[in-house]
Amino acid sequence: MGTDGSYWGQLALGWAVRHAHRAGLELDVYEADRRFELIPADLPADIGTGSALRSYPMLPVRIRSSGPDPAAALLEAATETGLLVVGCRGQHKCHLGVGHHALLLAQTATSDVVVVRGRPQAVHGEFRKVTAWVGEDDTIVSRARECARATRSVLEIVRQEPGGGVPDTTDLVVVRRGPSVRTALHHATCPVYVVS
């Protein structure tokens, strides 16, 4: 998972920590490096990673620097992991609420990618619903079912391509990588799980 200490980076970190804890996984956190990134001076030196992990003292975590090219570091990390988690945007302005790095990773990483965005209730899993957007490929249902089971949520299967009609009361939209990913990322009011 990657974080730069931004609002969305912190929400993505929290999402990744909760997911890793529920699934019994180890967590690699790639932090933005002040030598290469313009990180606001008022952020703590660990860009808030310590506070996000404090409630999970038994979670195995490795903290790493993302170096001069965060997207390249995360793409490389994706070759060794099953899931990459990022915020929808970092410290910089972006188009339609989704940053360049998030779009790049969602469309090209070799692993599944979760882009954390949306309303706070959805990010924190308060609706207790996972939605699988199924077009011609039903294989995403199994990934959505795993997420629903882990969070003790209801699974909803919608048999159409994602668009502006993504439900408002879901915690996660699961979609297959392809042309519909950009649409889902721009319209969902919750985190988007992109199946590679």
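Residues numbered from 1 in each chain as written. Predicted model: local features only at pLDDT ≥ 70, side-chain atom pairs only at ≥ 80, totals over all residues. Heavy atoms only, no water.

Within the protein chain one finds seven helices and nine strands. Counting every position in the protein chain, which comprises 196 residues, the buried fraction comes to 51%. By element, 53% of the accessible surface of the protein chain is carried by carbon and sulfur atoms, the whole surface being about 9500 Å². (Helix = DSSP H or I, 4+ residues; strand = E, 2+ residues; numbered from the N terminus. Buried < 20%, exposed > 50% of the residue type's maximum accessible area, 1.4 Å probe, protein only. Areas by Shrake-Rupley, 256 points an atom, 1.4 Å probe, with all protein chains shown as cover.)

Another aspect to go through is the nonpolar core. Leu 27 and Val 85 are the most contacted members of the largest nonpolar core, which totals 60 residues. Residue contributions to this core peak at eight residues, all from helix 1 (residues 7-23). The residues touching Leu 27, leaving out its near neighbours within four places in the chain, are Met 1, Ala 16, Val 17, Ala 20, Leu 53, Leu 59, Pro 60, Val 61 and Arg 62. (Core = buried A, V, L, I, M, F, W, Y, C linked by side-chain atoms within 4.5 Å. Contact = heavy atoms within 4.5 Å.)

This part takes up the packing of aromatic side chains. A complete count under the given rule lists one aromatic pair for this structure. With centroids separated by 5.0 Å and ring planes inclined at 80°, the aromatic side chains of Tyr 7 and Trp 8 adopt a geometry described as edge-to-face. Residue classification places Tyr 7 among the exposed residues on the basis of a relative accessible area of 52%. Residue classification places Trp 8 among the buried residues on the basis of a relative accessible area of 13%. (Phe/Tyr/Trp six-rings, centres within 6.5 Å; stacked < 30°, edge-to-face > 60°.)

This paragraph deals with helix 4 (residues 100-108). Among all positions in helix 4, only Ala 102, Leu 103, Leu 105 and Ala 106 are buried. Buried residues of helix 4 fall within an arc of 170° about the axis and therefore sit on the same side. Where the residues of helix 4 are buried, they touch helix 3 (70-78), strand 4 (83-87), strand 5 (112-116), helix 7 (180-187) and strand 9 (192-195). (Arc of directions from axis to C-beta.)

Put simply, helix 3 and helix 4 touch, their axes get as near as 10 Å, and they point 25° apart. Classified by the interaxial angle, the pair formed by helix 3 and helix 4 is roughly parallel. Here helix 3 and helix 4 pass one another in a crossing that is right-handed. Residues Ala 71, Leu 74 and Leu 75 of helix 3 touch helix 4, and the partners they reach there are His 101, Leu 104, Leu 105 and Thr 108. For the contact of helix 3 with helix 4, the residue count by class is five nonpolar, two polar and no charged. (Axes fitted to C-alpha atoms, helices over the stretch in contact; angles between N-to-C directions. Parallel < 35°, antiparallel > 145°, perpendicular 65-115°, else oblique. Left-handed = near helix turned anticlockwise from the far one by under 90°. Nonpolar A, V, L, I, M, F, W, Y, C, P; charged D, E, K, R; others polar.)

Attention now goes to helix 6 (residues 140-151). For helix 6, built from 12 residues, the straight-helix expectation of 16 Å at 1.5 Å per residue is met to within 8% by its first-to-last C-alpha distance of 17 Å. Among all positions in helix 6, only Ile 140, Val 141, Ala 144, Cys 147, Ala 148 and Thr 151 are buried. End-on view of helix 6: buried residues confined to an arc of 125°, all on one side of the axis. Looking at the buried residues of helix 6, the elements they touch are helix 1, strand 6 (129-133), strand 7 (154-158), strand 8 (172-176) and strand 9. Residue Arg 152 follows helix 6 closely and has a positive phi angle near 55°. (Expected span 1.5 Å × (residues − 1).)

The pairing of strands in a sheet happens through backbone hydrogen bonds and is either parallel or antiparallel. Read across the sheet, six strands follow the order 4-5-9-8-6-7 without closing on themselves; strand pairing throughout is mixed. Edge positions in the sheet fall to strand 4 and strand 7, since each of these pairs with one other strand and no more. Averaged over all adjacent pairs, the angle separating strand axes in this sheet is 20°, with direction ignored. Pairing geometry for strand 8 and strand 9, over four bridges, is parallel. (Pairing = 2+ DSSP bridges.)

In terms of burial, strand 6 is largely enclosed, as five of its five residues are buried. What you see with strand 6 is no split at all: Lys 129, Thr 131 and Trp 133 on one side and Val 130 and Ala 132 on the other are buried throughout. Taken together, the five bridges between strand 6 and strand 7 define a ladder with parallel strand orientation. The partner of Ala 132 across the bridge, within strand 7, is Ile 157. Pairing between strand 6 and strand 8: three bridges, direction parallel. Bridge pairing links Thr 131 to Val 173 in strand 8.

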